[in-house]
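# Structure at a glance
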Amino acid sequence: MTTPSRVPAPPAPAIPSPGDLPSHEFGLALGLVVGRYAFKMQDLHYGYWTDDLPVEIQNIAAAQARYTEFLMERIPRGVRTILDVGCGAGNTARKLLDRGYAVDCVSPNGPLTAAARELLGDRVSFFECRFEELETERRYDLILFSESLLFMKLDQALAKALGLLNPGGHLLITDIFRVPAEGKSPIGGGQHLPVFRDALARQPVDVVADVDMTPGIAPTFDVLDQAYAQAIKPAYELLMARLVAKYPWTMRVVRWKFRKKIERYEQKHFSGRRNAENFKRYKSYRLFLLRKRDGQVVGKGEGGRGKG
Ligand SMILES: C[S@@+](CC[C@H](N)C(=O)[O-])C[C@H]1O[C@@H](n2cnc3c(N)ncnc32)[C@H](O)[C@@H]1O
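Since this is a predicted model, take the numbers as computed values, not measurements. (Residues numbered from 1 in each chain as written. Predicted model: local features only at pLDDT ≥ 70, side-chain atom pairs only at ≥ 80, totals over all residues.)

A few words on the overall build of the chain. When you go through the chain residue by residue, the secondary structure sums to 11 helices and 8 strands. Within the chain, buried positions represent 36% of all 308 residues. Sequence-distant contacts in the chain: of pairs separated by 6 or more residues, those separated by 24 or more amount to 73%. (Helix = DSSP H or I, 4+ residues; strand = E, 2+ residues; numbered from the N terminus. Buried ≥ 20, exposed ≤ 12 C-beta atoms within 10 Å, placed from the backbone. Contact = placed C-beta atoms within 7 Å.)

Structure (structure tokens):
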């Protein structure tokens, strides 16, 4: 059984064991360090851009806060206990706690767990493992996957989540999905939407809500593309030029040895194709609220510790 820890938060270590992290987890940890310093980012999900919010990088944290509000408004009445799967830096869990929910967190990423612990202290229990490996006797009214399902095997994750729900409990999933479209997407990631819908049809769940968030999420990609075009690419080119001038032979060897990786990185990030237009073409960003189909509805109409 995976033992949750309820110890007081230690000071956040500086990226423990970064060498052991899968590259996407390392990217998330690095993104948090930079985003927190430069843009006061507290979250690791995309922004949700409402009409009143100018689409510029300085507003990314505000757009992320809108996303969390959007998500929390969909939590059904009567929910009291929530498992936040892939809690990132813990900011969503903090907001859920502030609204009166009892929260546990799953986090397989050492640096992010440290950040979440610092924020949440002993107000939550942490399961420091991948969701697929979680073993617990605890059961929840709602299990939240906020941009974490994309990293998991679909059928395995859904079946596991349903097993951890109280009767009539809910799954709340917000995520990027791939949709059928011509050509190769410059933006990676996400479950295949038709496959996801088929998987739902095989599970004992009712789809309570299926909301298309794509138009509100897509501007995040214009903002990121601008950051790459106007800051990261010029900085990268400047650095490369200096290194080539200072260490011509070493750089020749490095560029040759890592040519494929360098080419891939430059193509991925500097192509200018990772923008809102292509996001809308190749992806669908959705919120799914699913209710486990086993009769009893969770605490219907009760105020409970939740929003009520
Ligand atoms: C894009 S971040 C989202 C973080 C947070 N939920 C949020 O909305 O800000 C993805 C999160 O999923 C977690 N994650 C990735 N694979 C996971 C897995 N197999 N089990 C549990 N969490 C996972 C990562 O460590 C990270 O916390």
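The contact between helix H1 (residues 23-39) and helix H4 (residues 110-120) brings their axes to 8 Å, and the two run at 40°. The angle between H1 and H4 falls in the class oblique. For the pair H1 and H4, contact is made by Leu-28, Ala-29 and Leu-32 and by Pro-111, Leu-112 and Ala-115, respectively. Across the contact of H1 with H4, the residue classes tally to 6 nonpolar, no polar and no charged. (Axes fitted to C-alpha atoms, helices over the stretch in contact; angles between N-to-C directions. Parallel < 35°, antiparallel > 145°, perpendicular 65-115°, else oblique. Nonpolar A, V, L, I, M, F, W, Y, C, P; charged D, E, K, R; others polar.)

Glancing now at unusual backbone geometry. Non-glycine residue Lys-40 carries a positive phi angle of around 55°. In this structure, Glu-147 takes a positive phi of about 55° despite not being glycine. Note on placement: Glu-147 falls in the loop between strand S4 (140-146) and helix H5 (154-163).

It is the contact of helix H3 (residues 91-98) with H4, at a shortest axis distance of 9 Å, that shows an interaxial angle of 25°. Overall, the two elements H3 and H4 adopt an arrangement that is roughly parallel. Both H3 and H4 take part in a crossing whose hand is right-handed. Listed contacts from H4 to Asn-91, Ala-93 and Arg-94 of H3 are Ala-116, Leu-119 and Leu-120. Here the residues of the contact of H3 with H4 sort into 4 nonpolar, 1 polar and 1 charged. (Left-handed = near helix turned anticlockwise from the far one by under 90°.)

Shape is all these values report; function is a separate question.
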